[in-house]
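As a plain string of letters, each chain reads:
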Amino acid sequence: MNTLKVNTSVHMLTMLMGTWLVVGIFVDGYAHNHRVPESFFTPWHAILYSGFVASALWIVGLIYANKRRHGGTWRQAIPTGYGLGLIGVAVFLFGGIADMSWHLIFGIEQALDALLSPSHLLLMLGTLLIISSPFRYGWALSPDQPGWRHFFPILLSTALTVGVVSFFLMYLWTFRYNLPAPDVIEWYRSRTDPFFGIRVIEDLEIRGLSYILLNTLLFMSPVFLLLKRWQVPFGSFTFLFTFISVLMGVLDGFQQILAIPVSLMGGLAADLIYVKWRLGGSSTRGYRFLAIAVPVALWGSYFLSMALSGGIGWSPELWVGSIVQASLLSLALSILAISPARGSQ
């Protein structure tokens, strides 16, 4: 196993290039969502692909510098965690060529087609492999209780990775649709034949509940992944939740700005519970409480903000039940991620 170490500043530069790349993805997503006339050669593609070039040159240059400094084989010159990042460079490059060819042959995709385009999915895979390099390094070599200076590149790597996954699942992002809001429900009802209106509203409620549950997985999965490996600094989860919502806000020009404070409240609840219970060791009680309480804080804040701004269009059974279901789903996820010790109750 290759265990070549690099210092924190190297990971920060990796994340600087990675942030450049991911911002390009979200700016391009904004253009697609607003049907801005485009071709392959656009300013937003320029941001995206220049971010890739910067990331690629940085990773390749880092390996080259290690080879000259330490000698050995090229494989030995790859820092721990960066091997898949180098593969990601190749995948992204191939995906970029495929994307240009796809656009020239089939034209520019819009809406859901753009998210499911094979060339775009290759770009997603390449991006994920590149930006998760510091996370993989930290997982292998960082201390269990790092300070902010050492942990921030790992946390940013995690946040960017979840952000990119969220981008390609934007059609499930609860805050883009606000389906429990009365004005949204009325919009659907007014455009539906009365005979089918009841079924349409029921389908709308099913969609809204499904989005809440899937977004719960999106927020809580990285929380338990981080807790499985580290004792994280205070503020980590607040940053994680808020950063993801800020990125997703770019896609619609921050029209749903309340998503950011709502996400901040969920992340802050996770941080406060983490500090209060001093999670770690063999006890899983604190993890279980965190798993239940954070979705309550997150979606409770969501429905509270909706109630204050225009009312909740769902029945109390539905919106309260959605919070309970989200908490139970998070609890199940915590049991899978941080399982009880053998023989414990």
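Here is what the cut-offs are and how they apply
All chains use their own residue numbering, which begins from 1 and follows the written sequence. Residues qualify for local features only when their pLDDT is at least 70, as the model is predicted, and side-chain atom pairs are given and counted only at 80 or more; totals for whole chains, interfaces and linings, by contrast, use all residues. Where side-chain values are given, they derive from all heavy atoms of the structure, hydrogens and water being excluded. Strands here are runs of E lasting at least two residues and helices are runs of H or I lasting at least four, both read from the DSSP assignment and numbered beginning at the N terminus. Residues adjacent in sequence count toward polar contacts only when both atoms are side-chain atoms; beyond that, a polar contact is any pair of N or O atoms within 3.5 Å, and within protein one must be able to donate a hydrogen and the other to accept it. We call two residues in contact when some of their heavy atoms are within 4.5 Å. Centres within 6.5 Å are what make two rings of Phe, Tyr or Trp a pair, Trp counting through its six-membered ring; a difference in plane orientation under 30 degrees is then read as stacked, over 60 as edge-to-face, and the rest as tilted. Whether a charge sits over a ring comes down to the Lys NZ or Arg CZ being within 6 Å of the ring centre and within 35 degrees of the ring normal. Nine residue types can take part in a nonpolar core, namely buried Ala, Val, Leu, Ile, Met, Phe, Trp, Tyr and Cys, and a core is a set of them joined through side-chain atoms within 4.5 Å. Exposed residues in this analysis have more than 50% of their type's maximum accessible area, buried residues have under 20%, and partly exposed residues fall in between, with area computed by a 1.4 Å probe over protein chains only. How far each domain reaches was decided by an automatic or database domain assignment.

Glancing now at the side chain of Ser133. Take Ser133: it is sitting in helix α6 (residues 133-141). A polar contact of 3.1 Å, which involves the side chain of Ser133, links it to the side chain of Arg136. Those residues within four positions of Ser133 in sequence are excluded, and the remaining contacts are Gly81, Tyr82, Gly85 and Ser157.

The next thing to look at is the packing of aromatic side chains. Scanning the entire structure with this criterion turns up 24 aromatic pairs. Consider the rings of Phe52 and Phe92, whose centres lie 4.3 Å apart with planes at 15°: the pair is stacked. Of this pair, Phe52 sits in helix α2 (residues 43-70) while Phe92 sits in helix α3 (residues 83-106), and the two are 40 residues apart along the sequence. When the ring of Tyr177 is compared with that of Tyr211, the centres are 5.6 Å apart and the planes differ by 45°; the resulting orientation is tilted. Of this pair, Tyr177 sits in helix α8 (residues 174-177) while Tyr211 is found in helix α10 (residues 194-229), placing the two residues 34 residues apart along the sequence. By way of ring pairs, the aromatic residues Trp173, Phe175, Phe219, Phe241, Trp299, Tyr302, Phe303, Trp314 and Trp319 are connected into one cluster. Stacked on the ring of Trp74, the Lys or Arg Lys67 has its end atom at 5.3 Å from the ring centre. Note that Arg207 overlies the ring of Tyr177, its terminal NZ or CZ placed 5.7 Å from the centroid.

Turning our attention to the nonpolar core. Among the nonpolar cores identified, the biggest contains 90 residues, and Phe224, Leu227 and Leu290 are the most heavily contacted of them. By residue number, the principal contributor to this core is α10, which donates 12 residues. Taken together, domain 1 (1-170) and domain 2 (173-340) each give at least three residues to this core, which thus spans both. When sequence neighbours within four positions are dropped, the list of residues in contact with Leu227 reads Phe237, Tyr274, Leu279, Tyr287, Leu290 and Ile338.

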